[in-house]
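Structural overview for review
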Amino acid sequence: MSRALARPYLLLSPAILSLSLLMVAPVVFVLAYSFWLRTAEGLDVPAFQFGNWANFFSDEFYWLALYSTFKTALITTAVCIVLGYPTAYFLARAEIKNRGLLLFLMFLPFWVSYIIRTMSWINVLGKNGFVNAVLMGIGITDEPFKLLYNDFSVIMGLVYFQLPYMIINVYVSLDGIDRNLESAARVLGCTPWQSFREVTLPLSLPGLGAGSLLCFVLAAGSYVTPRLLGGTDTLFFPDLIYEAIISQLDWPFGAVLSVVMLVALGLVIAVYNRFMSLSDVYRSFAR
Amino acid sequence: MSMAAARQPGEGRIGWALLRLWSIAVYLFMFAPIVVVILLAFNSSRSGAFPMEGFSLQWFGKLFANQSIVDAFKTSLILAGTSGALATVIGIMAALALVRYSFKGKEGIQTFLSLPLLMPEVVMGVALLMFLKFISMPRSFAVLLLGHTILSLPYVVLVVQARLVGLRASYEEAAWTLGANRLQTFFEVTLPLISPAIVGGFLFAATLSFDNITATLFWKKPGIETVPTKIFAMLRTSISPEINALGAVMIVITILLPLIGGYMVRRFAKTK
């Protein structure tokens, strides 16, 4: 290969090498680790046995955890669509002067630290939080409502974190639609609602899909939000992984749980990729 | 606007009014929690919650007197600076290759480099922890540095790529034609042209690192805290006015930093 032809590969090699060494190899290693043997003395010995996997498959607790995690992620995604689509539509289509400023404002909370944004919901929903202070102040209730440390507060925290992803994806998609198509639908006798349903909505599906996939995957993979805002009965899969690895130091079993998480989310992504394009999702990060 | 032309006068007014109300509600939803944190940071009450009892700056004072928080800030800043610089150098090289050259396997490499974006952070945390332990590298600052670099690399590649698209090869060709060698061309032409992308990529990567918590919890040595893990640990006992003050400081830093960065990039671009 001549020097000029080799140049792009040379420029790419640090990125490819570091990703291969620090991401691909470790993930493959986790798969291998899930077959290792944990001895009675708590030592992990390289082996090829199915004990860890048998433990996983024989205990329905872990399936329940996976189910409850995916359910919460799905609800979070649905709430993001309901809150985000109309807002993105408004930002893209309304005749407003400060569109740039409004878009900028939507992404400001994005920059605020994740842990602070999650923590802020304790201040909002807590016993002496903002919502209860207002409700008791105007006399709606004498006793504070229990709004925190349950599935509701987990979903609020997750939605709060994911919503900007949804809005930017839908907004970009709506913004890219040729307005003449909508005008044509109107001229040909569609009502505004019909023109939205038959033209605008289908054409914005790539953005809606990308936003939804991101919401789902990021919500299902989150550890800190359910940990801080969830109750004692909140069951979240990433939390089980953390417990196995850091608290119980049972690495082979933690490896099993990690592989399960990766495969489960990989299946969701594969199904998505069957119908939509993953490159839309990747591109949305660059904006 | 073509939309307006197709619309009959007065039509859909209620619909737009509802949309506007909905959007205002969503904006309130986005900003109310942040405002609440800042508000409570100045509350003189000891409970760190409502009701507001009076204005006080004491919690900020307590904050800066707390050595473990100051240490966490130091760790976070060093980590963000080093991993950000590393990710930026590697990322800019990759982005340059992807934007400037056409070559075999480009699509595949692009997808490969974006793959980690959808990787659950918990799994990434577990994987790198196990792998580095296996090659005799236990939890340490070095693991955090490598891990944070890898986590922000795909973002840097994508963000820098988007900014480099407008960069035309003709400037460099002109420099060569006028007798500059490769090194001179790079330092005199290419580097000044891509420096906004470098600054942007670095700020992005540093912010991601500064903000990271989930993977950090897996990689950090017990006893070493970054700002987010410190807050996380403090929150496990209870919410205190000190945490609200820390939150307010973090909000100001994380919002101001990108704003200053963006402003500097624009100014820099203008003067050139």
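Along each chain, residue indices are assigned from 1 in the same order as the chain's sequence is written. Lettering of chains starts at A and numbering of ligands starts at 1, both following the order in which they are written. In keeping with the model being predicted, local features are shown solely for residues with a pLDDT of at least 70 and side-chain atom pairs are shown and tallied solely at 80 or more, while totals for entire chains, interfaces and linings include all residues.

Some thoughts on the overall build of chain A
Helix and strand counts for chain A come out as 14 helices and two strands. Summarising its shape, the C-alpha atoms of chain A cover approximately 75 × 75 × 35 Å along the three principal directions. Taking all contacts inside chain A whose residues are at least 6 apart in sequence as the whole, residues at least 24 apart take part in 71%. Starting at the N terminus, helices and strands are each numbered in turn, a helix being any DSSP run of H or I of at least four residues and a strand any DSSP run of E of at least two. Here, residues touch in the contact sense if the C-beta positions derived from the backbone fall within 7 Å of one another.

A few points about the domain arrangement of chain B
Residues and elements named next belong to chain B. Residue ranges for the domains trace back to a domain assignment, done automatically or taken from a database. Once the domains are mapped, chain B shows domain 1 (7-41) and domain 2 (60-271). Between the C-alpha centres of domain 1 and domain 2 there is a distance of 33 Å. Think of it as three bins: nonpolar holds Ala, Val, Leu, Ile, Met, Phe, Trp, Tyr, Cys and Pro, charged holds Asp, Glu, Lys and Arg, and polar takes everything else, Gly as well. A per-class count over the side of domain 1 that touches domain 2 returns five nonpolar, no polar and no charged.

Some details on the packing of helix 7 (residues 141-164) of chain B against helix 9 (residues 182-211) of chain B
All names here are of chain B. The convention used is that axes are lines fitted to C-alpha atoms, helices contributing only their stretch in contact, and that angles between N-to-C directions extend from 0 to 180 degrees. Interaxial distance between helix 7 and helix 9 falls to 9 Å at its minimum, and their mutual angle equals 150°. Overall, the two elements helix 7 and helix 9 adopt an arrangement that is roughly antiparallel. Of the two possible hands of crossing, helix 7 and helix 9 adopt the one that is right-handed. Counting all contacts with helix 7, which are made through His 148, Leu 151, Ser 152, Tyr 155, Val 156, Val 159, Val 160, Arg 163 and Leu 164, the residues of helix 9 involved are Ile 194, Pro 196, Ala 197, Gly 200, Gly 201, Phe 204, Ala 205, Leu 208 and Ser 209. Of the residues in the contact of helix 7 with helix 9, the class split is 12 nonpolar, five polar and one charged. In these notes the angle categories are as follows: under 35 degrees is roughly parallel, over 145 is roughly antiparallel, 65 to 115 is roughly perpendicular, and the rest is oblique. Whether a crossing is left-handed or right-handed is set by the direction in which the near helix is turned from the far one by less than a right angle, anticlockwise for left-handed and clockwise for right-handed.

Regarding the interface of chain A and chain B
Every contact between the two is made by 76 residues of chain A and, on the other side, 79 residues of chain B. The leading source of residues in the side of chain A that touches chain B is helix 1 (residues 3-33) of chain A, at 17 residues. Each residue belonging to the side of chain A that touches chain B can be placed in one class, and the counts come to 56 nonpolar, 13 polar and seven charged.

Considering the nonpolar core
Inside soluble globular proteins, nonpolar side chains tend to come together where they are buried. In this structure, A:Ile241 and B:Val126 are the most contacted members of the largest nonpolar core, which totals 150 residues. Top contributing element to this core by residue count: helix 7 (residues 151-175) of chain A, with 16 residues. Looking at this core, you find at least three residues from each of domain 1 (7-41) and domain 2 (60-271) of chain B. A:Ile241 has contacts with A:Gly254, A:Leu257, A:Ser258, A:Met261, B:Val122 and B:Val126, leaving out every residue within four places of it along the chain. Buried Ala, Val, Leu, Ile, Met, Phe, Trp, Tyr and Cys residues whose C-beta atoms connect them within 7 Å together make up a nonpolar core. With C-beta atoms placed from the backbone, a residue is labelled by how many other C-beta atoms lie within 10 Å of its own: buried for 20 or more, exposed for 12 or fewer, partly exposed between the two.

Comments concerning helix 7 of chain B
Here helix 7 of chain B is 24 residues long and its end C-alpha atoms lie 32 Å apart, about the 34 Å a rise of 1.5 Å per residue gives. The angle between axes fitted to the seven-residue stretch ending at a residue and the seven-residue stretch beginning at it gives the bend at that residue. At B:Ser152, helix 7 of chain B is bent by approximately 35°, the largest bend along its length, and proline B:Pro154 sits one to four residues beyond. A helix's residues, less one, multiplied by 1.5 Å, set its expected span.

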